[in-house]
Amino acid sequence: MSGNVGKRDEVRGTLATLLDGAKFASWRNGLGSPGMTDTRKLYIKSFGCQMNVYDSRRMADALAPEGYVETASAAAADLVILNTCHIREKAAEKVYSELGRMRRLKEAAAADGRRLVIAVAGCVAQAEGEEIVRRAPAVDLVFGPQSYHRLPDLLARAARDGKAVDTEFPVDDKFDHLPAASAAATRGRGVASFVTVQEGCDKFCTFCVVPYTRGAEMSRPVQKIVAEVSRLADAGVREVTLIGQNVNAYHGEGPERRPWSLARLLESVAQIDGIDRLRYTTSHPRDMDDALIAAHRDLPQLMPQLHLPVQSGSDRILAAMNRRHTRADYLDIVARLRDARADLALTSDFIVGFPGETEDDFAATLALVGEVGFSGAFSFKYSPRPGTPGADMSDQVAEATKSERLHRLQAAIDRNQAAFNRRCVGRTVDVLFERPGRHPGQIVGRSPYLQPVQVEAPASLIGETAAVTITDVATNSLFGRLTSSSPCRGEVGERSEPGGGLDVAQRMAPPRTANGGSTLPLQGRVKVESAGA
Ligand code: 5AD
Ligand code: SF4
């Protein structure tokens, strides 16, 4: 690295002689704190899960007092942050190819007398640290998910020392040091918002990097979460998704200094004025306790859609994955959830081709899909992650077998999606409108089951909830018209019978991505994956 720093100083010297003084100062000041009156352009690109989307917003909040304003154009930016994902090999590879593009932008900016600072954040940063700067010398700053509250300092350090790498798990809680978004910034981000309530994981599934990249499980205190959600509600947010890598392991400190469960937290957040809709993700089956299941019956704000990863339908593979639940445990939880909320739509995550997976194991996964009737799923080929136990297992499955199984699994999920979407036609559901639609006169919102719904309606309805009768379906969204009748709970379907025909859970399967996974249409303008649990 020192060689690169030396080379950079040499380039600086040359540039200083080539550029006039003012231009050189502006080029150099791309790193470090700007003066109070300077405005800098910040471009953040999030990879992976909803936690990264949330983190990116908080990074923008941390940099706002330093004069940074977000831009949608990397070419126009003074600072680019790639907020990365390490969950599968492909996710990490994408970062390096994006860094190639950023290096070219940096060179073009330098030719123009501007300084473009490149930072890599998130889980690839945490896992690879200095290696990133070795592989991509154009990178100025590398920092892990626990350090983003220190961004202004880290930028100053990079300006002073040439490069900065920070992948510590600091003892101080980043949430205590982050400025809140302004009401205007919050409004600009839409009516649906994520709020991190829990981070990290102690489950150590044998395929998963999360316990290593995000660290030990920690929960934010109840009062801080309530304060954050109240601020969001005051700024016009109507739907909040509480997020965490293992969100239902939540055990944050309550006002009386004793730990609260997620069910209790949801109850408290549901009382905040203005919050019409609540969701939480991502949950682990082991942590679906009775109180949380009952919340699906008792809290009208809690939307009837739950993402509950199962990963495999084979007990042998579940044990090898260290999932700590069996197929029967999972089915029992599903039955209890549907007792609590008949119209609950269930989505899930699956991994195919985990080491040792036989055709019989895979058949058990396919059978589980039929039995539960998932409304959608993310499905992935197993990707060995360095440092996890799965990567060292001897009986790795051939790539071609993984691809073939993934194909069959996704076909099964797609059939459920199509059937479910067809079943929605003619039904009336509440839609929370989020943004203008693709065509003039159209606006788009979400059904309670998280489906995008396109409706011809005035833009003044954005931010409002209205009853919509579904008139048509396309692959990725529904179409509907405003209606005056109010939707009734449970209308979209009836209780499912295991193995039976079309049922309530056969709804809303997500569109597939090109890279072999599936994406659930989650929030706002971004399509993000679940993470963890
Ligand atoms: N290979 C493939 N998929 C993985 N996931 C996590 N780790 C891996 C891996 N090594 C999937 C799981 C998890 C989701 C977030 O990503 O299905 O639930
Ligand atoms: Fe934790 Fe989920 Fe990863 Fe398992 S898959 S280690 S529960 S984050």
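Before reading further, recall that the structure is shown in the block above.
Note that the structure is predicted; figures quoted are calculated from it, not measured.

### Thoughts on the overall build of the protein chain
Piece 1. Helices and strands together make up the secondary structure of the protein chain, namely 16 helices and 19 strands.
Piece 2. Here the protein chain holds 533 residues, and the buried ones make up 57% of them.
Piece 3. Considering only intrachain contacts with a sequence separation of at least 6, the fraction spanning at least 24 residues in the protein chain is 72%.
Piece 4. Just so you have it, the protein chain exposes about 21,000 Å², and 51% of that area is on carbon and sulfur atoms.

### Re the packing of helix α3 (residues 50–63) against helix α7 (residues 151–161)
Piece 1. Between α3 and α7, whose axes approach to 9 Å, the crossing angle comes to 70 degrees. The angle between the axes of α3 and α7 places the two elements in the roughly perpendicular class. From α3, M59, A62 and L63 reach across to α7, where they touch L151, P152 and L155.
Piece 2. Classifying every residue of the contact of α3 with α7 by side-chain character gives 6 nonpolar, no polar and no charged.

### Description of the pattern of salt bridges
Piece 1. Applying the stated criterion to the full structure yields 33 salt bridges.
Piece 2. When the shortest N-O distance is used, the salt bridge between K45 and E98 registers 3.6 Å. Linking K45 in strand β1 (residues 40–46) with E98 in helix α4 (residues 89–111), this pair joins segments that are 53 residues apart in sequence.
Piece 3. Between E131 and R134 there is a salt bridge, and its shortest N-O distance comes to 3.4 Å. In this pair, E131 and R134 are both assigned in helix α6 (residues 130–135), 3 residues apart and thus about one turn of the helix distant.
Piece 4. On the basis of relative accessible area, R134 is assigned to the exposed category, the value being 56%.

### With respect to the sheet that holds strand β17 (residues 452–456)
The strands that make up a sheet are held in pairs by hydrogen bonds between backbone atoms, and each pair lies either parallel or antiparallel.
Piece 1. Taken together, 5 strands build a closed barrel; the order of strands is β15-β16-β17-β19-β18 and the barrel is mixed. Averaged over all neighbouring strand pairs, the angle between strand axes comes to 55 degrees, with direction disregarded.
Piece 2. Taken together, the 4 bridges between strand β15 (residues 428–436) and strand β16 (residues 442–446) define a ladder with antiparallel strand orientation. Its bridge partner lying in β16, F433 is registered against G445.

### A look at the site of ligand 1
Piece 1. As a structural note, the neighbourhood of ligand 1 is formed by 14 residues, with R88, F207, Q311, D349 and S383 the closest of them.
Piece 2. Here a nitrogen atom of ligand 1 sits 2.9 Å away from a polar atom, N or O, in the main chain of F207.
Piece 3. In this structure, an oxygen atom belonging to ligand 1 sits 2.6 Å away from a side-chain N or O atom of D349.
Piece 4. Contact with the protein chains covers 99% of the free accessible surface of ligand 1, which is 410 Å².
Piece 5. When atoms are counted within 2 Å of each cavity's grid points, the one that captures over half of ligand 1 is the largest cavity.
Piece 6. Of all the elements in the fold, those that place two or more residues in the shell around ligand 1 are β13 (345–352) and β14 (376–381).

### Side note on the environment of F204
Piece 1. Summarising the element assignment, F204 is placed in the loop between β8 (198–199) and α9 (210–213).
Piece 2. For F204, a relative accessible area of 37% translates into the label partly exposed.
Piece 3. C-alpha separation for the pair F204 and N322, spaced 118 residues apart in sequence, amounts to 7.2 Å.
Piece 4. When residues no more than four places from it in sequence are discounted, the contact partners of F204 are P211, Y212, N322 and R324.

### Let's talk about empty space enclosed by the protein
Piece 1. With the rule as written, the count across this model stands at 6 cavities of 30 Å³ or more.
Piece 2. Taken as a whole, the largest cavity spans an internal volume of roughly 310 Å³.
Piece 3. Lining the largest cavity are 24 residues, and of these I87, R88, F207, C208 and I351 sit closest to its centre.
Piece 4. Residue assignment for the lining of the largest cavity shows that the elements contributing at least two residues are α9, β13 and β14.
Piece 5. Here the lining of the largest cavity is composed, by residue class, of 13 nonpolar, 5 polar and 6 charged.

### Some words on unusual backbone geometry
Piece 1. Here the bond from T281 into T282 is cis, since omega is 10 degrees, no more than 30 degrees from zero.
Piece 2. With respect to the helices and strands, the residue T282 is situated in the loop between β11 (277–281) and α12 (290–298).
Piece 3. Positive phi, close to 75 degrees, is recorded for Q311, a residue that is not glycine.
Piece 4. On the secondary structure map, Q311 appears in the loop between β12 (305–307) and α13 (315–320).
Piece 5. Since its relative accessible area comes to 4%, Q311 is described here as buried.
Piece 6. Residue L450 is not a glycine yet carries a positive backbone phi of 80 degrees.
Piece 7. Within the element layout of this structure, L450 appears in the loop between β16 and β17.

Conventions adopted
Residues numbered from 1 in each chain as written. Chains lettered and ligands numbered in written order. Predicted model: local features only at pLDDT ≥ 70, side-chain atom pairs only at ≥ 80, totals over all residues. Heavy atoms only, no water. Helix = DSSP H or I, 4+ residues; strand = E, 2+ residues; numbered from the N terminus. Buried < 20%, exposed > 50% of the residue type's maximum accessible area, 1.4 Å probe, protein only. Contact = heavy atoms within 4.5 Å. Areas by Shrake-Rupley, 256 points an atom, 1.4 Å probe, with all protein chains shown as cover. Axes fitted to C-alpha atoms, helices over the stretch in contact; angles between N-to-C directions. Parallel < 35°, antiparallel > 145°, perpendicular 65-115°, else oblique. Nonpolar A, V, L, I, M, F, W, Y, C, P; charged D, E, K, R; others polar. Salt bridge = Lys/Arg side-chain N within 4 Å of Asp/Glu carboxyl O. Pairing = 2+ DSSP bridges. Near = heavy atom within 4 Å. Polar contact = N/O pair within 3.5 Å; in protein donor to acceptor, adjacent residues only side chain to side chain. 1 Å grid on protein atoms, 1.4 Å probe; cavity = no way out; pocket = protein on both sides within 12 Å on 5 of 7 lines; lining within 4 Å. Sits in = over half its atoms within 2 Å of the grid points. Points joined across faces, edges and corners; volume = space filled by probe spheres on them.

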